[in-house]
Amino acid sequence: MKFSEQLQFYMNELGVSSRELARESGISESALSRYRSGERTPSADEKRLHGLAEALVRASTLSVVPYSAEEIYLSFMDIVGSGLTIPYENYLENLHQLMEIMGIRSNALAKELAFDPSYISRILSGKRKPAEIRTFNAQVVSVVLKNAEEREREETLATLLRIPVEVIRDPEKKEEALLAWLGTNTEKVATHPVRRFLRGVEGFDIEEYFRTTNIEEVKRLVPPAVSLPKRKVYIGITSMLEAQADFMRLTVLNRSTDTVFMYTDFSSAEVMRRPDFLKRYLIGINSIIRRGLKIKIIHNVHRPLSEMLLTLEMHVPLYLTGQVEPYYMNKSQGDIFSHHLWVSGGLALFGEGVIGYLTEGMHVLTNHAAELRYARKRAKRLLESAYPLMQIYRGESYDQLRKENGELFQIGDRSLSYSYLPVSYLSPEEIDAYMQRAGVKSSTRRVIQIRAEYRRQSMANRNKESHVRLYVPDITEEEFQKNPILLSFAELGLDLTIEYSYEEYRKHLEKIRLAGEQSENVETIFGQGHTLRAVNIYLFHGKAVVIMKCRSPLSCIIMRHPSMLRAFDELIGSLRKDAVSTVYGQEGEQDEKNGGI
């Protein structure tokens, strides 16, 4: 129904004339006439629409008014909208993500807004909408900005909004920036920071990456120095960023093929204030990779998990090229000094500064022989003390993956969340038929059959002694047609994906269900899963999390850091709550009481 029709309906039902309504509402008769004719529709101004609804009730000639002002107002809002430019469901997801990453619980939000906790709970669950979304949004934004300032999380908020941190610190710009993100972000966002990281993994296409990365861009963004002295000193933040850009440009131009080492525990807040440098940083790293050089990066993981994941998300494309190895230090390096050390074949950049006084920090870019030897030795010692943050294997490294991580695939409780179904549940005949359909040569088919049989035997032995929980996507034909589930051979080390039919997918699903019913230690949960289509998650409780990506490039990422294990454990736990279908295997209700795995 149009607004003009809804307004005329209420005027007729309540016996209200145009003149009386104009007098009660304060809206001119000419404006009301345009509303009634449909020539004009009012904006989603909540105060104005509330006033119009109340004026209709006051101007009614009926002794008993059959509609309340609130009912009339809500019907108007349903027509003209809430002022959002995205569906309400997407707005809610934005709100959920904002609260989760900023660490704001629903009870705390209710307290800050002076609302009943149950009211906020109903809003967040989608069971009701705020009476005035604009007002509600403004209140939420106020709470978030206050939280960010008091808890020194402005950098986190700026990273989430993809804006310089100085905008969040600007009293005149911060509210507008956050309101715009909440109400106009058209991308369907994830409600858990791990989901954002997984989307980055799934969405990376290595062929597209190298096709769009131009090695010459770094030369244009970083003007060449007239000459490089044996030693150049940079003082202050701006000079520090210039030093880093100079290091990357000169490393690209250098003939050396030595591995590049990068370590810093300087605050990234200063970089986020300068988005132009962030762009130069990524282009510089990309150019080093295009040069064919390998990079070893030691990340600072001693920060809130959400911040760490946002940093890793930015670096995901770098990891998946296979040329960047990420590490971390087990202990924090202190809270007095910040240090910086980058080393390449013929160049070193090192610096330091007192935390809180980084504008006074000093960096030195040098190719002096003695200083280079010193910097390389420091880099070597740091790497000896570091731990791999991720182990990354490409499809051709299947045997190496199994050899180096054999203990993971032995006995032990685990939760496995699938977006594509494991091919090893199919019979040898079915596997061979699919490979022949894709034109796989006979020698490769034999290798894959051997690997599939090994997987079947391993699963059978493991399931006798370990508790295994499977999360399997069970979707309708309509959903399948919109976003097909692929048949992938990734778990067997073959870079092959096949689009199979919905009927073939249902048969594959049935085999997994039957296998689960035949083992008392296997619990199979059918639902929507983690909504991705090219990433499987294997959580080996207390040991590691493995991410298997089936699209270019076929990749396997293994992470053992305790924070990452906790984060993925939370994500897997949320899948159980979201499951919409029958739970097979153990009694689901009893298992919940026992706390699950």
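Because the structure is predicted, anything quoted here is derived from the model rather than measured.

A.B. asks: Explanation requested: the nonpolar core in the structure shown.
C.D. replies: Generally speaking, soluble globular proteins have nonpolar side chains that are buried together. Phe197, Leu198, Ile295, Ile547, Met559 and Phe568 are the most contacted members of the largest nonpolar core, which has 60 residues in total. At eight residues, the largest contribution of residues to this core is made by helix H16 (residues 237–253). In this structure, Leu198 is in contact with Leu532, Val535, Ile537, Ile547, Phe568 and Leu571, ignoring residues within four places of it in sequence. Core analysis: the next-biggest nonpolar cluster, separate from the first, contains 48 residues, Tyr418, Ala452, Leu509 and Ala534 among them.

A.B. asks: So what exactly am I meant to see when it comes to the sheet that holds strand S14 (residues 497–498) here?
C.D. replies: The strands making up a sheet associate through backbone hydrogen bonding, with each pair oriented either parallel or antiparallel. Spatial ordering of the open sheet is given by S11-S13-S14, a layout of three strands whose pairing is mixed. Here the strands that pair on one side only, and so sit at the sheet edges, are strand S11 (421–422) and S14.

A.B. asks: Just checking my understanding: could you explain the packing of aromatic side chains for this structure?
C.D. replies: Remark: the centre distance and the inter-plane angle together describe each pair of aromatic rings, the angle taken between the planes. Inspection of every chain in the model, using the stated rule, returns twelve aromatic pairs. Put simply, the rings of Phe9, Tyr10, Tyr67 and Phe76 touch in pairs and so form one group of aromatic residues.

A.B. asks: So what exactly am I meant to see when it comes to the pattern of salt bridges here?
C.D. replies: It is possible for side chains of opposite charge to pair when their charged atoms get near one another. Enumeration according to the criterion identifies 19 salt bridges in this entry. Residues participating in the shared-partner salt-bridge network are Glu20, Arg23, Glu24 and Arg58.

A.B. asks: Help me out: how do you make sense of the sheet that holds strand S6 (residues 347–354) in this one?
C.D. replies: Spatially, eight strands are ordered S1-S7-S6-S5-S2-S3-S4-S8 in an open sheet, and the strand pairing comes out mixed. Each edge of the sheet is formed by a strand with only one pairing partner; in this case those strands are strand S1 (231–235) and strand S8 (386–388). If you compare each strand with its neighbour and ignore which way they point, the axes differ by 20° on average. Pairing analysis gives four bridges linking strand S2 (residues 260–264) to strand S5 (residues 337–344), with the strands arranged antiparallel. Considered in S5, the bridge of Met262 is made with Trp342. Strands S1, S2, strand S3 (295–299), strand S4 (324–329), S5, S6, strand S7 (362–366) and S8 of the sheet are contacted by helix H20 (residues 369–385), whose axis makes an angle of about 110° with S5.

A.B. asks: Sorry, what's going on with the environment of His340 here?
C.D. replies: On the secondary structure map, His340 appears in strand S5. Take His340: its relative accessible area is 1%, and that puts it in the buried class. In this structure the C-alpha to C-alpha distance between His340 and Tyr263, which are 77 residues apart in sequence, comes to 5.9 Å. The contacts of His340, once residues within four sequence positions are left out, are Gln244, Tyr263, Thr264, Phe266, Leu349, Phe350, Gly351 and His363. Polar side-chain contacts of His340 include one of 3.2 Å to the side chain of Thr264. Here Trp342 takes part through its side chain, which lies 3.5 Å from a polar atom of the side chain of His340.

Rules and cut-offs
- Residues numbered from 1 in each chain as written.
- Predicted model: local features only at pLDDT ≥ 70, side-chain atom pairs only at ≥ 80, totals over all residues.
- Heavy atoms only, no water.
- Core = buried A, V, L, I, M, F, W, Y, C linked by side-chain atoms within 4.5 Å.
- Buried < 20%, exposed > 50% of the residue type's maximum accessible area, 1.4 Å probe, protein only.
- Helix = DSSP H or I, 4+ residues; strand = E, 2+ residues; numbered from the N terminus.
- Contact = heavy atoms within 4.5 Å.
- Pairing = 2+ DSSP bridges.
- Phe/Tyr/Trp six-rings, centres within 6.5 Å; stacked < 30°, edge-to-face > 60°.
- Salt bridge = Lys/Arg side-chain N within 4 Å of Asp/Glu carboxyl O.
- Axes fitted to C-alpha atoms, helices over the stretch in contact; angles between N-to-C directions.
- Polar contact = N/O pair within 3.5 Å; in protein donor to acceptor, adjacent residues only side chain to side chain.

Coordinates in, geometry out; function isn't part of it.
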